[in-house]
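Analysis of the macromolecular model
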Amino acid sequence: MSNLPSELYRIGYALTSKKEQTFILPSLLSHAPQKGIVLTKVDPNKPLIQQVPFDCIIHKLYGSDWKQNLQDFTSQNPSIPIIDSPDYIEVLQNRISMLETVSKLKITNSGVPKQIAITEVTDMENLKLTFPLIAKPLDADGSETSHKLHLIFDNEGLKNLTAPFVLQEFVNHGGVVFKVYVAGKYFRCVKRKSLPDISEEKLVNLKGSLPFSQVSNLTAAGGGGGEGCDFEKTEMPPESLVEELVKGLREELRLNLFNFDVIRDGRNKDNYLVIDINYFPGYAKMPDFESVITDFLLDVVRKEQISGED
Ligand SMILES: Nc1ncnc2c1ncn2[C@@H]1O[C@H](COP(=O)(O)OP(=O)(O)OP(=O)(O)O)[C@@H](O)[C@H]1O
Ligand SMILES: O=P(O)(O)O[C@H]1[C@H](OP(=O)(O)O)[C@@H](OP(=O)(O)O)[C@@H](O)[C@@H](O)[C@@H]1OP(=O)(O)O
Ligand SMILES: [Mg+2]
Ligand SMILES: [Mg+2]
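First, a word on scope: everything that follows refers to the structure included in this document. Every chain's residues receive numbers from 1 upward, in the order its sequence appears when written. Lettering for chains starts from A, numbering for ligands starts from 1, and both go in the order in which the items are written. Given that the model is predicted, a residue must reach a pLDDT of at least 70 before its local features are reported, and side-chain atom pairs must reach 80 or more before they are shown or counted; all residues, however, enter totals for whole chains, interfaces and linings. With hydrogens and water excluded, all non-hydrogen atoms of the structure serve as input to the side-chain values.

1. Focus on the site of ligand 2
We call a residue near a molecule or strand whenever a single non-hydrogen atom of that residue lies within 4 Å of it. Around ligand 2, the surrounding shell holds 16 residues, and the nearest of these are Lys18, Lys60, His147, Lys179 and Lys285. Identification of polar contacts relies on pairs of N or O atoms within 3.5 Å, with a donor-acceptor requirement for protein atoms, meaning one able to donate a hydrogen and the other able to accept it, and with residues adjacent in sequence counted only if both atoms are side-chain atoms. Between an oxygen atom of ligand 2 and a side-chain N or O atom of Lys19, the distance comes to 3.0 Å. Within the backbone of Gly282, a nitrogen or oxygen atom sits 2.8 Å from an oxygen atom of ligand 2. Protein coverage of the free-state accessible area of ligand 2, which is 540 Å², stands at 88%. The helix and strand labels rest on DSSP assignments: H or I over at least four residues marks a helix, E over at least two residues marks a strand, and numbering proceeds from the N terminus. Going through the elements one at a time, helix 1 (17-23) and strand 10 (176-183) are the ones with two or more residues in the shell around ligand 2. Among the elements that line the shell around ligand 2, the one with the most residues is helix 1, at three residues. The residue classification treats Ala, Val, Leu, Ile, Met, Phe, Trp, Tyr, Cys and Pro as nonpolar and Asp, Glu, Lys and Arg as charged. All others, Gly included, are polar. Residues belonging to the shell around ligand 2 are distributed by class as follows: three nonpolar, seven polar and six charged. Per-residue and other accessible areas were derived by the Shrake-Rupley procedure at a 1.4 Å probe size, with only the shown protein chains allowed to occlude residues.

2. With respect to unusual backbone geometry
With omega at -5 degrees, the peptide bond leading from Phe131 into Pro132 counts as cis. Examined against the element boundaries, Pro132 turns out to sit in the loop between strand 6 (115-118) and strand 7 (133-137). The residue after Ala163, namely Pro164, is reached through a cis peptide bond having omega 0 degrees. Here Pro164 shows up in the loop between strand 8 (148-152) and strand 9 (165-169). Positioned with a positive phi, Asn160 is a non-glycine residue whose angle comes to about 70 degrees. Residue placement: Asn160 occurs in the loop between strand 8 and strand 9. By relative accessible area, which is 79% here, Asn160 ends up exposed. Burial here depends on accessible area, computed with a 1.4 Å probe over protein chains only, as a share of the maximum for the residue type. Under 20% is buried, over 50% is exposed, and the range in between is partly exposed.

3. Some details on the sheet that holds strand 6
DSSP calls a pair of strands paired once it identifies at least 2 bridges connecting them. Taken in spatial order, the five strands make up an open sheet running 6-9-7-8-12, and their pairing is antiparallel. The outermost strands of the open sheet, each flanked by one partner alone, are strand 6 and strand 12 (209-213). On average, each strand axis in the sheet is inclined to that of its neighbour by 25 degrees, with strand direction left out of account. Note: strand 8 against strand 12, five bridges, orientation antiparallel. Bridged to Ile152 within strand 12 is Ser209. Any pair of residues with heavy atoms lying within 4.5 Å of one another is described as a contacting pair. Here an axis means a line fitted to C-alpha atoms, over the contact stretch when the element is a helix, while the angle between two N-to-C directions is reported on a 0 to 180 degree scale. Helix 5 (residues 95-105) contacts strand 6, strand 7, strand 8 and strand 9 of the sheet and is inclined by roughly 155 degrees relative to strand 6.

4. A closer look at the coordination of the magnesium ion (ligand 3)
Distances decide who is a donor: an N, O or S atom must be within 2.8 Å of the metal, or within 3.2 Å for Na, K and Ca. Water is not included, so sites may look incomplete. Protein-derived coordination of the magnesium ion (ligand 3) comes from Asp261 (OD) and Asp276 (OD), at a distance range of 2.0 to 2.2 Å. The metal-metal distance between the magnesium ion (ligand 3) and the magnesium ion (ligand 4) comes to 3.9 Å, with Asp276 coordinating both. Residue Asp261 is found in strand 13 (residues 257-264), and its partner Asp276 is found in strand 14 (residues 272-279); the two are separated by 15 residues along the sequence. For Asp261, a relative accessible area of 6% corresponds to the buried category.

Functional significance is not addressed by these values, which are geometric in nature.
Here's what the structure looks like:
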């Protein structure tokens, strides 16, 4: 006797080959059909209307041709959900608009580090920010350069940065970053190693700048955290705060598939700061990856409440 679902839903996915390799995993491809979810690759260079039928489309591709392709599809198939709207995703492609969404929420015990955008390197007089700083490229467009960050210890370190970028105050946080993965109404919070704290004594001896990238992809075994970081013993943030942030951000961003990075403010341990939000992150690193993604897609095709709909 087979227990296969009676109805099958066809989900079209349009992803870069890198994303496809990390997301369309054998474990997902074996779990999803058992619940009636069939994932099919779409060719983004051909009209979507020629590749039907779909019950939903998920994507992480940018550019005007792709946006037009989605728009043409929606005008002929207005009831088929596109996860997510390119216009809403765009807010996450700029590190200023990205974190403005958090500030708008006004949730107690949460916020963002002080930051400013530098569009011309001549703008750097009277910064009103306290060293150390982190310089991050303004565009968070998924390119390799968009993840190339610099720790800046003094005025000298501000030289030779390529504008436009964001200068953000570095906040000591005990060497641990929390990543909250969201898929519609589902979410999971995990710990990752982060940059170590920089004490005032250490700062005296640090000069100029230090480049780094993708620290939080370091595994527990490989670096990060630093002395005095007891990774295993670090407590998770309060569940109620995580829940409030997820609810607020889903509404504000009108997105379903994203994650955000949170640190615990070393100056005020009740306070948590959101430092980054990513569209369609590396879900395979999330606990229960296969079932969370499948259950989310089932909600979408069954027209349960999703973000971004009126
Ligand atoms: N303001 C800050 N204070 C302290 N540490 C920070 C701050 N901003 C970033 N970090 C550290 O640097 C890491 C990378 O920063 P961020 O997440 O902004 O970069 P990203 O390239 O967008 O990362 P991702 O790979 O998650 O997209 C964070 O995970 C955290 O460890
Ligand atoms: O590479 P992974 O699959 O792990 O996912 C990473 C993802 O890369 P990909 O979308 O190119 O695959 C990144 O996206 P871009 O900013 O580069 O677009 C960004 O979202 C990271 O935060 C993700 O790591 P996580 O936050 O989950 O640790
Ligand atoms: Mg990050
Ligand atoms: Mg990011």
